[in-house]
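Structural characterization, general
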Amino acid sequence: MAASSLATLRSKIEADLRGRVASPFAYRDRNTFELVSTGIPEMDALVGGLPRGAMTEICGAACSGRTSLLLSALASRTADGEVCALVDARDSFDPLTGNAAGIALEKLLWVRCQNIDQALRAMDLLIQAGGFGMVAVDLSDVPTRTVRQVPLNAWFRFRRAVEDTPTILLMIEQESNAKTCASLVLRLEMGEARWAAASESSNFYPFAKLLRGFSVRSDLVRSRIQVPEQQVIDIRVRAQPKTVVQQSTGREMFATETIWRSR
Amino acid sequence: MGFACVYIADFLVQAVVRGQRALREGPLALLGGAPPLWSVVAANPAAFEAGIQLGMTKAQVAQFGNVQICMRSEVQEKAAHAALLDAAWSVSPRVEDAALDTIVLDLQGLASLFGSDENIARELAQRVAAIGLAARVAVAENIEVAIHAARGFTGITIIPPGEERQRLGALPVGVLTTEVETLEIVERWGVETLQALAALPVLQLSERLGQEGVRLSELARGVRQRSLVLAQASSRFAEEMELDDAVEELEPLSFLLGRLLDQLCARLEARALAVRAVRIRFELQPSFEKDFQTLKEDVRTKPSAKQYEKMLTLPVPMRNGKTLLKLLRLQLQSNPPAAPIQKIYMTADAAAPRVAQNGLFVPCGPDPEKLEVTIARLGKLVGEGNLGCAELVDSHRPESFRMKRFVVANEQNKRRGKCESKLKETSKSRATMTGFRVMRPAQAVRVEMREEQPARVYWRGMRGEVVAASGPWRSSGDWWQEDAWHQHEWDLAIAFPAAQKGNAQKRGEWPEQGLYRIYYDELRQEWFLRGMYD
């Protein structure tokens, strides 16, 4: 009797939720994500890629390579034909650099905010709208004490909103704020800057050298990503796909190349 | 069969009720004429049952407590007639605009689309009902027979060939003509129905009534033939509404706008079209204090009404009334009218509806309608100019780009598929570009020079030692214009001593050494920090 009433109750709940929840009693592994390339092979080797339907945090101080990673990820997504959105909390995106990095600007919705309040509201609207391949939120220039004041339930809400969607929610910050809501947390640090003489004329004019770029050290702070079996390939052994939670287990370096197209 | 006629009984009443659906229930009398001599020009059957008669004055009608009184609205009559034509064109391309309340359609070739004549008539009635009107439909081999059957019989009437005279026979003579003199003459003869009129000899009838008599005889027998006079489809879709009481709040206004939008969308749907742009124009109520002027003779004149106009341009054609209402509401919220609204005009620019044919391998993008609402909300949040996609300008001037409207270009995906695949390949192979963050506006800094290169930079109360420098990279342009520019740019590696950065460095906000771009503005003779490499 108990089993039949349970089955009746179950079917009733399923009928009530029909159209809103596909299968309410089906087990869903929330740590399995589809991963897409960051556009930087070294980073893909470290983390496996950026997870869809999850929040990723890229942290670091100024000049640590966060923007380079952001531009690379946006370029990778727009090159795949996806529509992306960039919520720019302090209006610091440079379209010239973005274009040179390979971003298809006509596929990037750029929201130029003036403060974090506008940025969070804009992020909420964009996630709710759906259909974006990536929603990137640049909070790099917002003071850390301001970002810390964002209540944790807001991050939970953002994570829940992006779940089960093909959208990558990418946050660029000075430090991680979303805590356990972020499925992937990376910390970047600036390495050595590389300078090179422009030509032999440097003898004539000693300052005529070029900033060629700088190296970036990246640490994997947290990863809740389980890579689906079919996505495990040899090159991603560093991502350790069966590990549920990783704590600072990976470190990788990549170098950036300065764009001289603007000059 | 040949032709179908759609007739709207009590058209004047139905046109008003179409705009104000609350009037659908209960007796309703329409007043017309010049004030103060208003009299009843139309009423619904419930009002006639209650005792209302045509020609009654307003005071007489007011004695009937349960009868609602409205003014006749020519604006709504025109809109209802246009909607009726649109509904007819949705069924047949050959339509005659016989009268304000009567439409005739050529049914030739429609059997393969809709089936039998009954199905066509039912479909017509449904489509007319969708625009808010209740129609009588008659189908016959002859145009005139169809018209008279629709005016004489309720519901759907099918008159088979050969039965015209028999079926029309029961109708009163009044359906054939509205000329009072002719009707009086026929009535004096004791002829009341078409059957009796058809039985009269044609020759004697023509001797007494002339050609009009012959015409009436042919109509009564159902043998008069004529060609269809085709109406030209209009590309203008307009709806208007005049309000008894001016509306000031946005909420009640939304209901009215939503109703007009629904009517427009229904008309466009009937013509298989969609909205490309919506224009709204409000006539605003003049305020006494500002707009009424007292003349020397103490005679007050009514000033011309103020107007408020707004245009909503859509990136893709759409036909969803709810989406359009949301967009209109957002526009009105950002720039509300300055006075209560008395009259609403709404016109729609029609376009072919959007065809969405996505491929299996084309990534899904945002739904254009939903995206448009989101963009409108974002525009309200951050400002219209701070939203969109950046478009580079062909210039060496720093920060040379402009914002343009963001549109999801699905069509471009197919054309640019090959280009993007190449870009994807090259992006995988090339090195990661150094990101650059711009400071808007550029921040003023103080720079100490040593041996013609920056040695120290003072910024936000901090002193930075220049570790490495690259420059100067000189650029200038637009010297023939007022906004000329002439700059010397430097790429600097700046080290900030830890003691000066204080808490900021402890929190990790500032690195010990960072890469910055500064420039010297020759015209302003000042140094500025343009941004940082990140």
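Residues numbered from 1 in each chain as written. Chains lettered and ligands numbered in written order. Predicted model: local features only at pLDDT ≥ 70, side-chain atom pairs only at ≥ 80, totals over all residues. Heavy atoms only, no water.

Re the overall build of chain A
Summing up its helical and strand segments, chain A has seven helices and 10 strands in all. Per-residue burial over chain A gives 58% buried out of 263 residues. Contacts spanning at least 24 positions in sequence make up 74% of the contacts within chain A whose residues lie at least 6 apart. Total accessible area computed for chain A in this model is approximately 11200 Å², and 52% of it derives from carbon and sulfur atoms. (Helix = DSSP H or I, 4+ residues; strand = E, 2+ residues; numbered from the N terminus. Buried < 20%, exposed > 50% of the residue type's maximum accessible area, 1.4 Å probe, protein only. Contact = heavy atoms within 4.5 Å. Areas by Shrake-Rupley, 256 points an atom, 1.4 Å probe, with all protein chains shown as cover.)

Brief notes about the nonpolar core
Grouped together as the largest cluster of nonpolar side chains are 68 residues, with contacts concentrated most on Met134 and Leu170 of chain A. Of all the elements, helix H3 (residues 66-79) of chain A adds the most residues to this core, at six residues. Sequence-distant contacts of leucine 170 of chain A, that is, excluding residues within four places in its chain, are made with Leu50, Thr56, Ile58, Leu70, Ala73, Met134, Val135, Ala136 and Val137 of chain A. In terms of nonpolar packing, the next biggest core, distinct from the first, is built from 42 residues, Ala129 and Ala154 of chain A together with Leu378 and Phe406 of chain B among them. (Core = buried A, V, L, I, M, F, W, Y, C linked by side-chain atoms within 4.5 Å.)

Considerations on the interface of chain B and chain A
The accessible area lost on association of the parts is a frequent measure of interface size. Counting residues at the interface gives 69 residues for chain B and 74 residues for chain A. Summed over both sides, the interface between chain B and chain A buries roughly 6100 Å², with carbon and sulfur atoms accounting for 58% of that surface. Linking chain B with chain A are four salt bridges, by the criterion used here. The salt bridge involving aspartate 534 of chain B is made with arginine 66 of chain A; its shortest N-O contact spans 3.3 Å. If you look at where chain B meets chain A, you find 17 residue pairs in polar contact (both at pLDDT 80 or more). Of the residues forming the side of chain B that touches chain A, the biggest block, eight residues, is contributed by helix H16 (residues 368-382) of chain B. Across the side of chain B that touches chain A, the residue classes break down as 35 nonpolar, 17 polar and 17 charged. Relative to strand E13 (residues 387-392) of chain B, strand E5 (residues 108-112) of chain A runs antiparallel, the two sharing two bridges. Residue pairing in the sheet places tryptophan 110 of chain A in a bridge with glycine 388 of chain B of E13 of chain B. (Buried area = accessible area lost by both parts, 1.4 Å probe. Salt bridge = Lys/Arg side-chain N within 4 Å of Asp/Glu carboxyl O. Polar contact = N/O pair within 3.5 Å; in protein donor to acceptor, adjacent residues only side chain to side chain. Nonpolar A, V, L, I, M, F, W, Y, C, P; charged D, E, K, R; others polar. Pairing = 2+ DSSP bridges.)

Re a nonpolar patch on the surface
A surface patch of nonpolar side chains, about 370 Å² in accessible area, is lined by Leu6, Leu9, Ile13 and Phe25 of chain A. Note that isoleucine 13 of chain A resides in helix H1 (residues 2-16). (Patch = residues over 30% accessible without salt bridge, like charges linked within 9 Å, V, L, I, M, F, W, Y side chains within 5 Å.)

So, the confidence of the model for chain B
Residues and elements named next belong to chain B. Per-residue confidence for chain B averages 84 on the pLDDT scale, and 89% of its residues sit at or above 70. Here residues 295-299 is a poorly scored stretch, pLDDT under 50, and it has two contacts once near neighbours within four places are set aside; other chains count. In this model, residues 412-419 is a region of pLDDT below 50 whose contacts with residues beyond four sequence positions or in other chains number five contacts. (pLDDT = per-residue confidence, 0-100.)

Remarks on a positive patch on the surface
Residue and element names in this part refer to chain B. Where like charges cluster on the molecular surface, the positive patch consists of Lys322, Lys326, Lys370, Arg377 and Lys380. Secondary-structure elements contributing two or more residues to the positive patch are helix H15 (321-334) and H16. Among the elements that take part in the positive patch, H16 stands out by supplying three residues, more than any other. Structurally, lysine 326 is set in helix H15. A residue is classified by how much of its surface remains accessible, and lysine 326, at 42% relative accessible area, is partly exposed. (Lys, Arg positive; Asp, Glu negative; His and termini not counted. Charge placed at Lys NZ, Arg CZ, Asp CG, Glu CD.)

Topic: the pattern of salt bridges
Applying the stated criterion across every chain yields a total of 43 salt bridges over all chains. We note a salt bridge from glutamate 14 of chain A to arginine 10 of chain A, for which the minimum N-O separation is 3.6 Å. With glutamate 14 of chain A and arginine 10 of chain A both in helix H1, this residue pair falls four residues apart, about one helical turn. A relative accessible area of 30% places glutamate 14 of chain A in the partly exposed class. In this structure, the salt-bridge partner of arginine 18 of chain B is glutamate 239 of chain B, at a minimum N-O distance of 3.1 Å.

Quick word on the sheet that holds strand E9 (residues 236-247) of chain B
Residues and elements named next belong to chain B. The four strands lie next to each other as E9-E12-E10-E11, forming an open sheet whose pairing is antiparallel. Where the open sheet ends on each side, the last strands, each with one partner, are E9 and strand E11 (306-318). On average, each strand axis in the sheet is tilted by 15 degrees relative to the strand beside it, whichever way the strands run. Two strands pair when backbone bridges link them, and strand E10 (residues 274-284) and strand E12 (residues 341-351) are joined in this way by 10 bridges, in the antiparallel orientation. When the sheet's bridge partners are listed, alanine 274 is paired in E12 with alanine 351. This element, helix H13 (residues 250-270), spans E9, E10 and E12 of the sheet and lies at about 160 degrees to E9. This element, H15, spans E10, E11 and E12 of the sheet and lies at about 135 degrees to E11. (Axes fitted to C-alpha atoms, helices over the stretch in contact; angles between N-to-C directions.)

A look at unusual backbone geometry
Along the chain, arginine 440 of chain B connects to proline 441 of chain B via a cis peptide bond; the corresponding omega equals -5 degrees. The phi torsion at aspartate 91 of chain A lies on the positive side, around 55 degrees, for a residue other than glycine. By secondary structure assignment, the location of aspartate 91 of chain A is in the loop between strand E4 (84-88) and helix H4 (95-101). Phi at alanine 272 of chain B is positive, roughly 55 degrees, even though this residue is not glycine. With respect to the helices and strands, alanine 272 of chain B occurs in the loop between H13 and E10.

Structural notes on the side chain of aspartate 478 of chain B
On the secondary structure map, aspartate 478 of chain B appears in the loop between strand E18 (462-477) and strand E19 (485-495). Residue classification places aspartate 478 of chain B among the buried positions, given a relative accessible area of 18%.

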